[in-house]
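Chain by chain, the residues:
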Amino acid sequence: MNIIKPGTPVGLCSDHAGFELKNIIAGYLESKGIPTRDFGTFSDESCDYPDFAHPCALAVEAGEVYPAIALCGTGNGIGMTLNKHRGIRAALCWLPELAHFARAHNDANVLVLPARFIAPEVALQTVDTFLDTDFEGGRHIRRIEKMTNW
Ligand code: RB5
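Residues numbered from 1 in each chain as written. Predicted model: local features only at pLDDT ≥ 70, side-chain atom pairs only at ≥ 80, totals over all residues. Heavy atoms only, no water.

> Help me understand the sheet that holds strand 4 (residues 90–92) in this model?
As a general point, the strands of a sheet are linked pairwise by backbone hydrogen bonds and lie either parallel or antiparallel. Strands sit in the order 2-1-3-5-4 across an open sheet of five strands; the sheet is parallel. Edge positions in the sheet fall to strand 2 (36–38) and strand 4, since each has one partner strand and no second. Sheet twist, expressed as the average angle between the axes of neighbouring strands with direction ignored, equals 20 degrees. Against the sheet, helix 2 (residues 50–61) engages strand 1 (10–14), strand 2, strand 3 (68–72) and strand 5 (110–114), with an angle of about 165 degrees to strand 1. Lying on the sheet, helix 5 (residues 120–132) is in contact with strand 3 and strand 5; it crosses strand 5 at an angle near 165 degrees. (Pairing = 2+ DSSP bridges. Helix = DSSP H or I, 4+ residues; strand = E, 2+ residues; numbered from the N terminus. Axes fitted to C-alpha atoms, helices over the stretch in contact; angles between N-to-C directions. Contact = heavy atoms within 4.5 Å.)

> Sorry, what's going on with the packing of aromatic side chains here?
In total, this model carries zero aromatic pairs according to the counting rule given. Over the aromatic face of Tyr 66 sits the side chain of Lys 5, whose NZ or CZ is 4.4 Å from the ring centroid. The lysine or arginine in question, Arg 103, covers the ring of Phe 130, its NZ or CZ lying 5.9 Å from the ring centre. (Phe/Tyr/Trp six-rings, centres within 6.5 Å; stacked < 30°, edge-to-face > 60°. Lys NZ or Arg CZ within 6 Å of the ring centre and 35° of its normal.)

> What exactly am I supposed to notice about helix 5 here?
Helical geometry: 3.6 residues make up each α-helical turn, so side chains three or four residues apart lie on a common side. Between its terminal C-alpha atoms helix 5 stretches 18 Å, which fits the 18 Å expected from 13 residues at 1.5 Å a residue. Taken together, the buried positions of helix 5 are occupied by Ala 123, Leu 124, Thr 126, Val 127, Asp 128, Phe 130 and Leu 131. Buried residues along helix 5 sit in contact with helix 1 (19–31), strand 3, helix 4 (96–104) and strand 5. (Expected span 1.5 Å × (residues − 1). Buried < 20%, exposed > 50% of the residue type's maximum accessible area, 1.4 Å probe, protein only.)

> Teacher, can you tell me more about the site of the ligand here?
Taken together, the residues surrounding the ligand are Asp 15, His 16, Ala 17, Tyr 49, Cys 72, Gly 73, Thr 74, Gly 77 and Arg 116. One nitrogen or oxygen atom from the main chain of Thr 74 is found 2.9 Å from an oxygen atom belonging to the ligand. Gly 77 has a polar backbone atom sitting 2.9 Å from an oxygen atom of the ligand. Surface burial for the ligand is 69%, taken as the share of its 300 Å² of free accessible area covered by protein chains. Here the shell around the ligand is composed, by residue class, of three nonpolar, four polar and two charged. (Near = heavy atom within 4 Å. Polar contact = N/O pair within 3.5 Å; in protein donor to acceptor, adjacent residues only side chain to side chain. Areas by Shrake-Rupley, 256 points an atom, 1.4 Å probe, with all protein chains shown as cover. Nonpolar A, V, L, I, M, F, W, Y, C, P; charged D, E, K, R; others polar.)

This is the structure we're talking about:
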């Protein structure tokens, strides 16, 4: 778990569509001794993903959590919301290989999972890869700086 910062929990957020998989991921991380901070939602009742994405994004930007894992049905709505924040690089990943490059090339600080389109086993493998992969730096530093400086 290369990118985990001791003393800093992993942030979690979802809407109702991601609620069940978020709980599976929380249990998985806690079984590995990785603390989490859950920004909700806290039931499968229909809700609006921005209500949970924005507080989670602010906490990542403030360094209160790192990284974060976000889920909605497709991953698109919650990912779009997170990426409205200048300090967020949220990457929609449905395979471990995508999580590898989101970290290695994009220094993604939020993993976004499409809860209705990914099996739980694949989701956990994708989480593992995301948390295990360091940013490569080098030429990618210039590129990620140009995301917000243009
Ligand atoms: C909820 O039905 C669904 O729209 C939401 O989870 C997400 O997929 C939106 O992008």
